[in-house]
Structure formats: structure tokens, C-alpha cells
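Fold and contact review
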Amino acid sequence: MADTVFIEGLVVETVIGVYDWERQVTQRLLVDLEMDWDNRVAAASDDVGDALDYAAVSASVQSCLKSLQPKLLERGAEVLAQKLQQSFGIRWLRLTIRKPGAVPEARAVGVSIERGIRQ
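A few points on the structure. Since this is a predicted model, take the numbers as computed values, not measurements.

**Quick notes on the overall build of the chain**
Summing up its helical and strand segments, the chain has three helices and four strands in all. Traced from its N-terminal end to its C-terminal end, the chain shows the element sequence β-β-α-α-α-β-β. Taken along its principal axes, the extent of the C-alpha atoms in the chain is 50 × 25 × 20 Å. The proportion of buried residues among the 119 residues of the chain is 36%. When contacts within the chain are restricted to residue pairs at least 6 apart in sequence, those whose partners lie at least 24 apart make up 60%. With an accessible surface of roughly 7,000 Å², the chain has 50% of that area assigned to carbon and sulfur atoms. In the chain, 14 side chains carry a positive charge and 17 a negative one; their mean positions are 6 Å apart.

**With respect to the nonpolar core**
Residues Val31, Leu33, Met35, Val61 and Leu95 are the most contacted members of the largest nonpolar core, which totals 26 residues. Elements with a minimum of two residues in this core: β1 (4–14), β2 (27–36), α2 (54–68), α3 (73–88), β3 (92–100) and β4 (108–116). A total of five residues in this core trace back to one element, the largest contributor, which is α3. Setting aside residues up to four positions removed in sequence, Met35 forms contacts with Asp3, Thr4, Val5, Ile7, Leu52, Val57, Ile90, Trp92 and Leu93.

Cut-offs used in this document
Per chain, residues are indexed from 1 in the order of the written sequence. Thresholds applied to this predicted model are a pLDDT of at least 70 for local features of residues and 80 or more for the giving and counting of side-chain atom pairs; totals over whole chains, interfaces and linings are not thresholded and use all residues. By convention in this description, side-chain values take in all heavy atoms of the structure and omit both hydrogens and water. Helix numbering and strand numbering both begin at the N terminus, where a helix is a DSSP run of H or I of at least 4 residues and a strand a DSSP run of E of at least 2. Think of it in three bands: with a 1.4 Å probe and only protein chains considered, a residue is buried below 20% of the maximum accessible area for its type, exposed above 50%, and partly exposed in between. Contact between two residues is taken to exist if any of their heavy atoms lie within 4.5 Å; hydrogens are not considered. Surface accessibility in these figures is a Shrake-Rupley result with a 1.4 Å probe; residues are shielded only by whichever protein chains are displayed. Residues scored as positive are Lys and Arg, those scored as negative are Asp and Glu, and His as well as the terminal groups of each chain are ignored. A single reference atom marks each charge: NZ on Lys, CZ on Arg, CG on Asp, CD on Glu. Here, the term nonpolar core denotes a set of buried Ala, Val, Leu, Ile, Met, Phe, Trp, Tyr and Cys residues that are joined through side-chain atoms within 4.5 Å.

See below:
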């Protein structure tokens, strides 16, 4: 199967970072997700109930990162990947979290991870 559902550029405002000043403010993160999902059932039924609910996934991303308030992007990515796979039955995902402005000379820095087995 080569079907993918994606969410690109999801903005999350949360506490993130290791420095004292970073623990006092919220910062913007940009999240990109690619998720392995069999779209054939939803395509055949034309029923949103058979599709991966990207609004619910987006809300879960927001909730997870806002409550976690990780020091490291690596931790945020790992915890988020586990939560999404468990909550939505996603077998494989690629998750990128960008932190714009962390390095003034760069548009963004970040991490990208893949978890699971692609079908």
C-alpha cells in the first residue's frame, strides 16, 4: 500500500526549550506529518467515518505538545509519534517538527523521525 494522509505546516504554540527564558514563553513550532493509511475504504464509501480524521489528528498534535512542554524537539517528536500511532492506529508515520527562529541565520531547525512499518 502506498497511501498517505498528510498534514503540513501545523502551527503549535507551546513552551519548548532548555534555557530558562524559554521556559517562560511560548514559541511557535511547525509540524509536518505523513501517515500511512489505507484510503481505499473511504474512497469506496465516500464516508468521512472511514477516513483518517486529520482534524482529530491535528487536535491531538496540538494537545500533546502544549501539555508536554518538552525541553527538546527530540522528546516532543518521540512522545507525539507514540501517541498518534496508539490513538489512531497509524502503522507508519514520518513526523517533522521545526522550530523557526532558534538559529537566527536559519529559517528553521528541527527533527524528523519515522516510526513503524510502512505497508
